[in-house]
Amino acid sequence: MNLVLVGRIFSILACILMVLIGYLKHKKTILWAQNLQFVLFSISYACLGGIAAVVGNMVSLLRNLICIKWNLTIPLQIFFIGFQGVFTFITTQNRWIDWLPFAAATMITLSLRSKKDLMIKLGCIGSILCFGTYDFFLKNWVVFAFDVFSLITSLIGVYRILFDKEKEAF
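Residues numbered from 1 in each chain as written. Predicted model: local features only at pLDDT ≥ 70, side-chain atom pairs only at ≥ 80, totals over all residues. Heavy atoms only, no water.

Student: Just checking my understanding: could you explain the overall build of the chain for this structure?
Tutor: Along the chain, the regular secondary structure elements total seven helices and zero strands. When the 170 residues of the chain are sorted by exposure, 45% land in the buried category. Look at the contacts in the chain between residues 6 or more apart in sequence, and 64% of them connect residues 24 or more apart. When the 15 positive and 7 negative side-chain charges of the chain are each reduced to one mean point, those points stand 6 Å apart. (Helix = DSSP H or I, 4+ residues; strand = E, 2+ residues; numbered from the N terminus. Buried < 20%, exposed > 50% of the residue type's maximum accessible area, 1.4 Å probe, protein only. Contact = heavy atoms within 4.5 Å. Lys, Arg positive; Asp, Glu negative; His and termini not counted. Charge placed at Lys NZ, Arg CZ, Asp CG, Glu CD.)

Following this line, the structure appears as structure tokens:
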């Protein structure tokens, strides 16, 4: 089978999972699902020759594994944000658009210290907006469509978090 075709298949699987993650509302569940998404995207990018994306996904996977097991401390946040920043600087042309994935990873990394599911979800929404803009300017229409779907499901996830909080209060 052609590596490009395999890469696209894994990309579509990762995108479908990305949309489904929007419905999730608890931190650990979101992190485990994101980990699977990072693995799928990494396989996709490896098949397509996007080694920078593979490394970025693996850093995010490591960050999520640490968040699942332990608290993400400020020094760890600084490490992950710094590593992503240096890696972005070294591997891109340093155009404003090249920094959108870094901004997306930073939003999620900053939100992961929160114990509140709503803050995690808002970090994910900020990340989706960054990647949606990135995919739009790259004319990556299939993934952009999934970014839009993911934004919608994430907004539904926020609604569910807020509605469940009100329901629990009564």
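Student: I keep staring at helix α6 (residues 117-137) and nothing clicks. Help me out?
Tutor: Owing to its 3.6 residues per turn, the α-helix aligns residues three or four sequence positions apart on the same side. Helix length check: α6 (21 residues) gives 30 Å between terminal C-alpha atoms against 30 Å at 1.5 Å per residue, within 8%. Along α6, the positions that sit buried rather than exposed are Asp117, Ile120, Lys121, Gly123, Cys124, Ile125, Gly126, Ser127, Ile128, Cys130, Gly132 and Asp135. At the exit of α6 stands Lys139, carrying a positive phi of roughly 60 degrees. (Expected span 1.5 Å × (residues − 1).)

Student: In this structure, what is going on with the environment of Ala33? I would like to understand it.
Tutor: Counting through the fold element by element, Ala33 comes out in helix α2 (residues 27-48). For the pair formed by Ala33 and Leu20, sequence separation is 13 residues and the distance between their alpha carbons is 8.8 Å. Those residues in contact with Ala33 that lie beyond four places of it in its chain are Leu17, Ile21 and Leu24.

Student: What should I look at first to understand the nonpolar core in this one?
Tutor: In globular proteins that are soluble, nonpolar side chains generally tend to be buried together. Counting residues in each nonpolar core, the largest one holds 23 residues, and the members touching the most others are Cys15, Leu72 and Leu112. Setting aside residues up to four positions removed in sequence, Leu112 forms contacts with Lys27, Leu31, Arg63, Asn64, Cys67, Leu72 and Ile120. (Core = buried A, V, L, I, M, F, W, Y, C linked by side-chain atoms within 4.5 Å.)

Student: Whenever I open this one, the packing of α2 against α6 confuses me. Can you help?
Tutor: For any two helices packed against each other, the geometry comes down to the angle between their axes and how far apart the axes lie. Where α2 meets α6, the axes come as close as 9 Å, and the angle between the chain directions of the two elements is 30 degrees. The orientation of α2 with respect to α6, classified from their angle, is roughly parallel. For the pair formed by α2 and α6, the contact residues are Lys27, Ile30 and Gln34 on the first element and Asp117, Ile120, Lys121 and Cys124 on the second. Residue classes in the contact of α2 with α6 are distributed as three nonpolar, one polar and three charged. (Axes fitted to C-alpha atoms, helices over the stretch in contact; angles between N-to-C directions. Parallel < 35°, antiparallel > 145°, perpendicular 65-115°, else oblique. Nonpolar A, V, L, I, M, F, W, Y, C, P; charged D, E, K, R; others polar.)

Student: So what exactly am I meant to see when it comes to a nonpolar patch on the surface here?
Tutor: On the surface, a nonpolar cluster with roughly 990 Å² of combined accessible area is contributed by Leu5, Ile9, Ile12, Leu13, Ile16, Leu20, Tyr23, Val142, Val148, Phe149, Ile152 and Ile156. If you tally residues by element for the nonpolar patch, the top one is helix α1 (residues 3-21), at six residues. Within the fold, Val142 resides in helix α7 (residues 141-169). The exposure class assigned to Val142 is partly exposed, which follows from its relative accessible area of 48%. (Patch = residues over 30% accessible without salt bridge, like charges linked within 9 Å, V, L, I, M, F, W, Y side chains within 5 Å. Areas by Shrake-Rupley, 256 points an atom, 1.4 Å probe, with all protein chains shown as cover. Salt bridge = Lys/Arg side-chain N within 4 Å of Asp/Glu carboxyl O.)

Student: How do you make sense of the packing of helix α5 (residues 100-111) against α6 when you look at a structure like this?
Tutor: Contact geometry of α5 with α6 gives a least axis separation of 8 Å together with a crossing angle of 175 degrees. Our classification of the angle between α5 and α6 gives roughly antiparallel. Taken together, the residues of α6 that come into contact with α5 (itself represented by Leu100, Pro101, Ala103, Ala104, Met107, Ile108 and Ser111) are Met119, Ile120, Gly123, Cys124, Gly126, Ser127, Cys130, Phe131, Thr133 and Tyr134. Split by residue class, the contact of α5 with α6 holds twelve nonpolar, five polar and no charged.

Student: What am I meant to see in the pattern of salt bridges here?
Tutor: Opposite charge on two side chains permits pairing when their charged atoms draw close. Evaluation of the coordinates by the stated rule reveals one salt bridge. Asp98 is the partner of Arg95 in a salt bridge, and the nearest nitrogen-oxygen pair spans 3.0 Å. What makes Arg95 partly exposed here is its relative accessible area of 40%. Its relative accessible area of 9% is what places Asp98 among the buried residues.

Student: How do you make sense of the packing of aromatic side chains when you look at a structure like this?
Tutor: Given two aromatic rings, their pairing is described by the distance between the two centres and the angle made by the two planes. Tallied over the full model, the rule gives 13 aromatic pairs. Considering the side-chain rings of Trp99 and Phe102, the 5.3 Å spacing of their centres and the 85 degrees angle between planes classify their relative orientation as edge-to-face. Consider the rings of Phe136 and Phe137, whose centres lie 5.7 Å apart with planes at 90 degrees: the pair is edge-to-face. Through a chain of ring-to-ring contacts, the aromatic side chains of Trp96, Phe136, Phe137, Trp141 and Phe144 assemble into a single cluster. (Phe/Tyr/Trp six-rings, centres within 6.5 Å; stacked < 30°, edge-to-face > 60°.)

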